Every structure is written in structure tokens, then in C-alpha cells.
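Given next are the chains, with one letter for each unit.
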Amino acid sequence: MRAADETLTADEVSRILSQAAAGAASVGLAAQISVVDAEGRSLGLLRMDGAPALTRIQPVEGANGIGLDTVDAGVAAFAKAASGALLSSGGNAFSTRTASFIVQEHFPPGIDFTGGGPLFGVQFSSVRCSDVNPVSPLGLAADPGGFPLYKNGRVVGGIGVEGDGAYSLDRRPDLVDVPREEQAARAGQRGFEPPEIIRGDQILADGIRLAYTDTDAAAAGTARPGLIVDGPRAGGQAPRTDLTLGGVAGEADPRYPTRAGQVLTAADVNTILTQGSFARVSISVVDLSGDVIGFFRNADAPRFGIDVSAQKGRTALFFSSPDAGTVLGRLGLGRYLRDGVPLDGSVALSSRAVGFLSQPFFPPGIPDTTEGAFSQPIGTWSVFNTGLQLDLIKGGLLTSNCVPGEARLRNGITIFPGGLPLYKGGRLAGAIGISGDGVDQDDLIATAGSVGFEAPAERRSDQLVIRGVRLPYVKLPRHPEL
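As the structure is a prediction and not an experimental result, all values here were calculated from the model. (Residues numbered from 1 in each chain as written. Predicted model: local features only at pLDDT ≥ 70, side-chain atom pairs only at ≥ 80, totals over all residues. Heavy atoms only, no water.)

A. The overall build of the chain, seen in detail. Check the secondary structure of the chain and you find 10 helices and 18 strands. For 482 residues, the compact-globule estimate of 2.2 N^0.38 gives 23 Å, and the chain sits close to it at 21 Å. Projected onto the principal axes, the alpha-carbon positions of the chain cover approximately 65 × 50 × 40 Å. A buried classification covers 61% of the 482 residues belonging to the chain. A separation threshold of at least 6 residues defines the contact pool for the chain, and within that pool the share at least 24 residues apart is 70%. Surface summary for the chain: the accessible area is close to 16,900 Å², and the carbon and sulfur share equals 52%. When the 42 positive and 51 negative side-chain charges of the chain are each reduced to one mean point, those points stand 2 Å apart. (Helix = DSSP H or I, 4+ residues; strand = E, 2+ residues; numbered from the N terminus. Rg over C-alpha atoms; globule rule 2.2 N^0.38 Å. Buried < 20%, exposed > 50% of the residue type's maximum accessible area, 1.4 Å probe, protein only. Contact = heavy atoms within 4.5 Å. Areas by Shrake-Rupley, 256 points an atom, 1.4 Å probe, with all protein chains shown as cover. Lys, Arg positive; Asp, Glu negative; His and termini not counted. Charge placed at Lys NZ, Arg CZ, Asp CG, Glu CD.)

B. Highlighting the nonpolar core. In terms of nonpolar packing, the biggest core is built from 73 residues, with Phe319, Phe374 and Leu392 touching the most fellow members. Sorting the residues of this core by element identifies helix H2 (73–86), helix H3 (96–102), helix H6 (304–319), helix H7 (324–330), helix H8 (351–356) and helix H9 (388–393) as the ones contributing at least two each. Broken down by element, the residue count for this core peaks at 7 residues, all from H2. Not counting residues within four places of it along the chain, the set of residues in contact with phenylalanine 319 comprises Ala324, Leu328, Leu343, Val347, Leu349, Val354, Phe374, Leu388 and Ile413. Val132, Val263, Val292 and Phe295 belong to the second-largest nonpolar core, a separate cluster that totals 34 residues. (Core = buried A, V, L, I, M, F, W, Y, C linked by side-chain atoms within 4.5 Å.)

C. Focus on the packing of aromatic side chains. With the rule as written, the count across this model stands at 7 aromatic pairs. Their ring planes at 45 degrees and their centres at 6.0 Å tell us that tyrosine 167 and phenylalanine 384 sit as a pair that is tilted. You can see tyrosine 167 sitting in strand S7 (residues 166–167) and its partner phenylalanine 384 sitting in the loop between H8 and H9, a full 217 residues away along the chain. No difference in accessibility class separates tyrosine 167 from phenylalanine 384, as the two residues are buried. (Phe/Tyr/Trp six-rings, centres within 6.5 Å; stacked < 30°, edge-to-face > 60°.)

D. Layout of empty space enclosed by the protein. Under the criterion given, the structure shown has 1 cavity of 30 Å³ or more. Taken as a whole, the largest cavity encloses approximately 100 Å³ of empty space. Lining the largest cavity are 11 residues; nearest its centre among them are Gln123, Leu140, Tyr167, Val383 and Phe384. (1 Å grid on protein atoms, 1.4 Å probe; cavity = no way out; pocket = protein on both sides within 12 Å on 5 of 7 lines; lining within 4 Å. Points joined across faces, edges and corners; volume = space filled by probe spheres on them.)

E. Quick look at the pattern of salt bridges. Summed over the entire model, instances satisfying the criterion amount to 34 salt bridges. Residue arginine 97 is joined to aspartate 214 by a salt bridge in which the shortest nitrogen-to-oxygen separation is 3.2 Å. Of this pair, arginine 97 sits in helix H3 while aspartate 214 is found in the loop between strand S9 (208–209) and strand S10 (226–230), placing the two residues 117 residues apart along the sequence. Both residues of the pair, arginine 97 and aspartate 214, count as buried. Across the pair aspartate 300 and arginine 280 runs a salt bridge, and its minimum N-O distance is 3.8 Å. In this pair, aspartate 300 sits in the loop between strand S14 (292–298) and H6 while arginine 280 sits in the loop between helix H5 (266–275) and strand S13 (282–286), placing the two residues 20 residues apart along the sequence. (Salt bridge = Lys/Arg side-chain N within 4 Å of Asp/Glu carboxyl O.)

F. Region of the structure containing the layout of surface pockets. Reported here for the largest pocket is a volume of approximately 1,400 Å³. Lining the largest pocket are 42 residues, and of these Pro118, Ala205, Gly438, Val439 and Asp440 lie nearest its centre. For the lining of the largest pocket, the elements supplying multiple residues, two or more each, are strand S8 (204–205), H8 and helix H10 (439–449). For the lining of the largest pocket, the class distribution of residues is 24 nonpolar, 12 polar and 6 charged. Of the pockets and cavities examined, the second largest pocket occupies roughly 430 Å³. Taken together, 22 residues line the second largest pocket, and the ones lying closest to its centre are Glu6, Arg154, Arg297, Asp300 and Arg303. Listed by contribution, the elements that provide at least two residues to the lining of the second largest pocket are strand S6 (154–162), strand S11 (241–245) and strand S12 (248–252). (Nonpolar A, V, L, I, M, F, W, Y, C, P; charged D, E, K, R; others polar.)

G. Geometry of the sheet that holds S14. The strand order S11-S12-S14-S13-S16-S15 describes an open sheet built from 6 strands, whose pairing is antiparallel. Two strands in the sheet have a free side with no partner beyond their single neighbour: S11 and strand S15 (419–424). With direction set aside, neighbouring strand axes in the sheet form an average angle of 30 degrees. Pairing between S12 and S14: 2 bridges, direction antiparallel. The partner of glutamate 251 across the bridge, within S14, is arginine 297. Along the sheet, H5 contacts S11, S13, S14, S15 and strand S16 (427–435); its crossing angle with S14, the most-contacted strand, is approximately 25 degrees. (Pairing = 2+ DSSP bridges. Axes fitted to C-alpha atoms, helices over the stretch in contact; angles between N-to-C directions.)

H. Just unusual backbone geometry, in detail. Put simply, phenylalanine 107 and proline 108 share a cis peptide bond, and its omega is 0 degrees. The omega torsion of the bond from phenylalanine 362 to proline 363 falls at 0 degrees, within 30 degrees of zero and hence cis. Inspection of the secondary structure puts proline 363 in the loop between H8 and H9.

I. Broad picture of H2. An ideal rise of 1.5 Å per residue puts 20 Å on 14 residues; H2 measures up with 20 Å between its terminal C-alpha atoms. By the criterion of burial, H2 is predominantly enclosed, with 13 of the 14 residues buried. Near the N-terminus of H2, the side chain that reaches the backbone nitrogen of glycine 74, with its oxygen 2.7 Å away, is that of aspartate 72. (Expected span 1.5 Å × (residues − 1). Polar contact = N/O pair within 3.5 Å; in protein donor to acceptor, adjacent residues only side chain to side chain.)

J. Up close: the side chain of serine 95. With respect to the helices, strands and loops of the structure, serine 95 is situated in the loop between H2 and H3. One polar contact links the side chain of serine 95 to the main-chain amide nitrogen of arginine 97, over a distance of 3.2 Å.

K. How the structure looks around the packing of helix H1 (residues 10–26) against helix H4 (residues 180–189). Direction vectors running N to C along H1 and H4 enclose 145 degrees, while the axes themselves pass 7 Å from each other. Our pair here, H1 against H4, has a crossing hand that is right-handed. Together, Ile16, Gln19, Ala20, Gly23 and Ala24 of H1 and Ala184, Ala187, Gly188 and Gln189 of H4 make up the contact between the two elements. Across the contact of H1 with H4, the residue classes break down as 5 nonpolar, 4 polar and no charged. (Left-handed = near helix turned anticlockwise from the far one by under 90°.)

L. How the structure looks around H5. Of the positions making up H5, those classed as buried are Asp268, Val269, Ile272 and Leu273. Buried residues of H5 fall within an arc of 130 degrees about the axis and therefore sit on the same side. (Arc of directions from axis to C-beta.)

Functional significance is not addressed by these values, which are geometric in nature.
Structure representation (C-alpha cells):
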């Protein structure tokens, strides 16, 4: 039995929906309002009278790529709520505005000669077709209007509001835009706010203060009539097992007991997990088939990392495999076989290296350059059209397998750091993925976990030059203890 302060009750869900509806009405907004639990599962959906049934995706420069012009507004509200819940923890509270700030082609957004945000591409994680953590048909959202919900300092869920007819992101974080969706969502959050000290706008990344909200909560008022189309119900927790590994408290997932792969033994996997088991992260070890053969989540690690850690491991595994180029050709993605990037197993490619090749400028952040081999040109690129990352899963978004025909990528790929291939006796043996901390810290932990199973130095991607630019492999923080 979970403690009462770890979940929302049905009465609390009803209260949150009512508060948000009243807040929306006070600013003249008719919206769909979603509340989810800490795992991203729906606890309630309220459709106010007059709320739009659909919302239009508004990507950059008219690029879309998903094949949809409009999506169900309730689904968009759900994606926002799930994002607030999954991206947050006891150490950080992130809104969908925070997400917008850290997923764009420059960090901070709009500043030339800077690379993509630290979570560049995270929006295509925890998608419904994932085999690891299936949550949202739209993945994670960057459209303001989603916040986490807290009780006694613990994440217990998220709230999302969609009602303005546009599903996008904040391209100008230097301007205060005061969106009504964000006002309504903050009204719903009243009484379930995070401690102020952990809000996104109290957190620095590379010395840059992150965004959290552009508005105060909407004024309390009386909600206009609406229809509860789902819930309210009480929240819950996924069935995981408490575990202490390497002296660190956390939890295992009963779906993924530590076991042997094709090359790695169960003892190898336990060693890799133990070497990497520090900080608030999720750790996944995958074998040559992409199966998760070891998993550990540190206490209070943000839940988005459950899916992303496996994505990172699978990304490093796949792109370091001898048949990666052949498979992309078979999947009809041969246009991404460019610039002489060897996808024949001769190079050990980390998820950082894959991300370096997946940005709309190459090298990342440098204007007026051609896109990376795995990206789209900046004129058609957007956070809804990231290139190979999206094209891999487009055919699987409404299925139970994100990349039909390629078992190693059952939940897609990640294009930011924290995933490394593992080798044993000079042979590719699997991969490790770390997610939940800063991306350089994720690289540090993955590097620690891979000790004894490192890629041969001469095969690492930082020995490879593409279009006159040396690729990265890992980047370790100068002061990891800070």
C-alpha cells in the first residue's frame, strides 16, 4: 500500500479539474483539461462546453512531418499533463514551457552559435507505441499549459490544458506571452504546487536559468458547464520492486530482471548496473537484440528516464551494429545514409554522436550550414519533424511497436547524450543507457557503467571526421560533484 502523499485521490482529481475549469472560465477560455498520475496514466478528462475538439499543430516554418495537421485536443491536453508528471521529480519541477526551452535547435532558444537544447528530441519518448513505457500518443509536449502536481514535495501527477486551437512551443522565451492555457493549468495546480526551490526557473543548465511559467494562476471563479469524459479516479504507482544496488536505494522493474544476453553474462550486467548506480537516473542495459536485460531506477529519478534510458541504449547499440546502414535502407530511410557516416559496425557511435548528426545545423548551432546526416534542413525541421528520429517511428505511432521491422528500436531512438555501446573481447555485446540527470552527468554515469566493457579506443566515434568536423563520443562534466 502506497502512502497517501504519493498518489492523488479521486476527490483531489475532481478538485483539480474544477479549479482549472474555473480558472479557464475567468480568462474566457473553453478548454479540455487532463489530469494524470505520476506514471502518466489518465485520472480524469474534462471537456468544457464550447471547447474545441481539435487543435492544430503549428510547427516551425510550416514543417509537420507527422502526417497530421490537427490532433484531438483532449490528447494534446493529456500529452501536456503527462509531460509535467514524467519530467519532474523531488529535485526538479518542469512544466511544458520548461520542455520547450530545452528541446529546440539552439540553447537557449533563438541564440545562434549554440547547439540544440540539452533534451533535444525528448519529445519523441514515452510514446504510446513504446514497449518500455507507453504513455502518450503525442509523446512529450512543449506547448505551454502543462504542469506537475505535488503533495508534500512528491510528484503525484500532472495537469494539462488545451483550448486555444494551437499545439506548438514557445519560440520567443525572451517575451512574456501570458497564455490562457497556462493560466488555467496553474489555477488547477493550486494546492498541489511544487516547492518553489525546485521549480524550473530556479534551475540552471550551463549557467542559463530555465523557464517555468509566464503567468500567475488565473483568478478563481465559477466554471462553465462541461462534461467529465474520463474519471475522476485515484492515482497509482507502477509495480516495481525496491532494490539497493551498489549502496544506492532505488527500484527494479519486474519485467526486466537482471539476466544474460547473447554475449554479456548476468554477472556482467549486474557489474555494469552497479558501476553506474549513482545520481537520480534510470539505467538500462540492453543486449544485441535490444532486449532490456538489466534495469535500475534510483530513488526519485524522473520517470521520463525509464523510457529514454532504454532508447539511449538501443540507439547506441543499433548505430554501432554491422547492419545499421542495411536496415535503414530496408526501412526506406536510405536518404539518411549520407556524408560517409559508416553504419557498418566499424565505428562505436554513442547517442551523443547520433545526436550530433541529428541537428539541423552541422556542426550543431552554426547558422548557414547544411543539416546533419540524420536531420532535416532547417527550412523544414521543427520539433515535430526532427528527421530520422521521427521518420523511424511514423509508421508505428498507432501500433504497439514504434519501429515495425526492427526489434532493436521498439521504442524509437534518442538524440541526446547518455547511451554507449558495450564491448566484450573487442566484440559488440550490448549497450547502456542513462537518463534523468544533466546530459553530461548521464555520459559520466554511462562511462562509469561501461568500465571493463568499453569500446576499443580506435573505434570510438571521436576518432571519426565528417565534413571536416570530428564527432564526439562522450563529454564529462569538469566538476561532476556540483
